[in-house]
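Descriptive analysis of the structure
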Amino acid sequence: SFFESEEDKKIHNLELVQSVGIKFEGNLHAQWFNMFMMDLLRERAADLYRTKGLLSFHGQGNTKFVFQGVHEQINFGPAKNPWAEGETRLNKFVFIGKNLDRAELTKGLMECLYKEEA
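The following refers to the structure shown.

Rules behind the numbers
Residues numbered from 1 in each chain as written. Predicted model: local features only at pLDDT ≥ 70, side-chain atom pairs only at ≥ 80, totals over all residues. Heavy atoms only, no water. Helix = DSSP H or I, 4+ residues; strand = E, 2+ residues; numbered from the N terminus. Buried < 20%, exposed > 50% of the residue type's maximum accessible area, 1.4 Å probe, protein only. Contact = heavy atoms within 4.5 Å. Areas by Shrake-Rupley, 256 points an atom, 1.4 Å probe, with all protein chains shown as cover. Pairing = 2+ DSSP bridges. Axes fitted to C-alpha atoms, helices over the stretch in contact; angles between N-to-C directions. Phe/Tyr/Trp six-rings, centres within 6.5 Å; stacked < 30°, edge-to-face > 60°. Lys NZ or Arg CZ within 6 Å of the ring centre and 35° of its normal.

1. Some points on the overall build of the protein
- Within the protein, the secondary structure is distributed over three helices and five strands.
- Among the 118 residues that make up the protein, the fraction classed as buried is 30%.
- Taking all contacts inside the protein whose residues are at least 6 apart in sequence as the whole, residues at least 24 apart take part in 69%.
- Total accessible area on the protein stands at roughly 8000 Å², and carbon and sulfur atoms take up 54% of it.

2. Section: the sheet that holds strand β4 (residues 73-78)
- A sheet is described by the order of its strands in space; here five strands give the open sequence β1-β5-β2-β3-β4, paired in antiparallel fashion. The two strands at the open ends of the sheet, each matched to only one other strand, are β1 (18-25) and β4. Across the sheet, the axes of successive neighbouring strands diverge by a mean angle of 10°, strand direction being ignored.
- Pairing analysis gives six bridges linking strand β3 (residues 64-70) to β4, with the strands arranged antiparallel. Each residue of the ladder has a partner; that of Val70, found in β4, is Gln73.
- Helix-sheet contacts for helix α2 (residues 30-44) involve β2 (48-56), β3, β4 and β5 (90-97), and the interaxial angle to β2 is about 175°.
- Packed onto the sheet, helix α3 (residues 102-110) meets β1 and β5 and runs at close to 35° relative to β1.

3. Section: the packing of aromatic side chains
- This structure, assessed with the given rule, holds eight aromatic pairs.
- Here Lys64 stacks its cationic end above the ring of Trp83, 4.6 Å away from the centre of that ring.

Here's what the structure looks like:
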């Protein structure tokens, strides 16, 4: 029947979907991170179904940031609770989609870390 064939297609398509989680410590450079995400979403919008994360930005004090996206639409803002005193500034990202390369995503995100001027 019509419904069975639709179900078969859905199941087949889901085999391609993967989830990539990435975590690392440090403060991100807000401008570099925004540019990275804009480029990623522009180039990979069809492959990225959902993105979400928890972020620490240089120069933003104890404000913890969250973002979540569906395809190329992304919402971004301060989290309900700030970073606690002594809490490790752990950036966390989850990408859900297809043809995702963990090494490439990790490299791109880590290039967004703020570096103290030498």
